[in-house]
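# Structural overview for review
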Amino acid sequence: MSDPARLSNEYPVPEQMRAWVLGGPGEIRPTQKPVPQPGPAEVLVRIDAVAICATDLEIMRHGLPAMVDGGLPFNKNFTIGHEYMGTVVKLGPAVDEYSVGDRVTVEVHAGCGRCARCRQGMYTSCLNYGDLAKGHRANGFTTDGGFAQYAVNNINTLVHVPDDMTDEEATLVVTAGTAMYGLDVLGGLIAGEGVVVTGPGPIGLLGVAVAKALGADPVILTGTRERRLELGKKLGADHVVNAREEDAVAAVRRITDGKGVQFVVECSGAPNALDEAARMVDRGGRICLAAFPHDKVPVDLAHLVRNNIYVYGIRGEGQSATHRAMALMKQKRFDAKLIHTHTFALDELPTALKYARERVDDAIKVVVKATV
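Residues numbered from 1 in each chain as written. Predicted model: local features only at pLDDT ≥ 70, side-chain atom pairs only at ≥ 80, totals over all residues. Heavy atoms only, no water.

## Some points on the packing of helix α5 (residues 173–185) against helix α6 (residues 202–213)
For the pair α5 and α6, the least separation of the axes is 8 Å and the interaxial angle reads 60°. Taken together, α5 and α6 sit at an angle that is classed as oblique. α5 and α6 meet at a crossing whose hand is right-handed. Of the residues in α6, those touching α5 at Thr175, Ala176, Thr178, Ala179, Met180 and Leu183 are Pro202, Ile203, Leu206, Gly207, Val210 and Ala211. (Axes fitted to C-alpha atoms, helices over the stretch in contact; angles between N-to-C directions. Helix = DSSP H or I, 4+ residues; strand = E, 2+ residues; numbered from the N terminus. Parallel < 35°, antiparallel > 145°, perpendicular 65-115°, else oblique. Left-handed = near helix turned anticlockwise from the far one by under 90°. Contact = heavy atoms within 4.5 Å.)

Okay, here's the thing in structure tokens:
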């Protein structure tokens, strides 16, 4: 690496940092904040790059799913951004798992470590979610996130970044980890099982890549945007279905000779998506919900019960899924960089958010860097 500070293993850390904070609904503005200090089992990360997630846009518009104490309306003065990577620049007391100068990417959630769910490793379902006094942290959701120059992270949320991986690619580990969490530990995907991914957004596209890397066969991607579907092929989809041109359920049944698949990963958030997914899976199949619907969802529950279909939701990248996603990315099992379309400087964050929100130039994953 050419960074002189990295080579000397000494990093000057200022007292104040640049940060973007929420104002009114849909508003974000630059300000100065004190640089946070790491406590026990924590490190200070200099943020080098952060990817924009659709959830960031949701928080800006509606507040939820962020859960912040105070700062109404819509979490005023709160710093969002959770898909970031950077460099360790300061260690908390007794931290020896990482060294100053290490490049790391992060998970969002550090559970409280004391509730029943955290003791089971299900820290994204922490029973003390949002309770800072009990130790829960979710950067960008309950504690300040990555649209700033520095952030504090628990060591359990860090993943080493290899030297040959770019900053931009490292920001995508959380997205891949979310797909991994839904497919492997919770979903129990077995090589050879068929998978449908509905919705070719960032999680859906990397869901295709992860499913293929885990041995799913066939992998079918459904959506309405032809360019995204073509990108899905490059990431491992065996079949793509344009739902504007063909009924997606009928297409899945046709591709599987009427049998259906064993697994659906629902990434579209469409009101009819769950009901359609239930008709894509075979008896005893699983449906993973990875998107936030905006409307109430009509579901034929009797069909789910009669066919013993399992439905579960995921919130982020739990049970160390980012570590497993990083392992696949280090092994070049898929090229996550394909979904990175645009890069902006931190000072250009409003423009970057506009590109992500309005899909300017068919933006998929927009990355903001400390320097460009």
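## Side note on the pairing of strand β17 (residues 365–369)
Regular strands place their side chains on alternate faces of the sheet. Most of β17 sits out of view: five of its five residues are buried. Here β17 shows two buried faces, one formed by Lys365, Val367 and Lys369 and the other by Val366 and Val368. Direction of pairing for strand β16 (residues 340–345) relative to β17: parallel, over a ladder of five bridges. Residue alanine 345 lies in a different strand from β17, and its bridge partner there is lysine 369. What joins β16 to β17 is helix α12 (residues 349–358), and the crossover it makes is right-handed. (Buried < 20%, exposed > 50% of the residue type's maximum accessible area, 1.4 Å probe, protein only. Pairing = 2+ DSSP bridges. Right-handed = clockwise from strand over helix to strand, strands pointing away.)

## Overview of the pattern of salt bridges
For the structure on display, the rule yields 22 salt bridges. One salt bridge connects aspartate 167 with arginine 103, and the closest N-O pair in it is separated by 2.7 Å. Within this pair, whereas aspartate 167 is found in helix α4 (residues 167–170), its partner arginine 103 is found in strand β5 (residues 103–106), the two being separated by 64 residues in sequence. Accessibility assignment for this pair places aspartate 167 and arginine 103 in one class, buried. Residue aspartate 362 pairs with arginine 227 through a salt bridge whose shortest N-O separation is 2.7 Å. Residue aspartate 362 is found in the loop between α12 and β17, and its partner arginine 227 is found in helix α7 (residues 226–234); the two are separated by 135 residues along the sequence. Owing to a relative accessible area of 22%, aspartate 362 belongs among the partly exposed residues under this scheme. When salt bridges that share partners are traced, they join Arg103, Asp167, Glu168 and Lys369 into one network. (Salt bridge = Lys/Arg side-chain N within 4 Å of Asp/Glu carboxyl O.)

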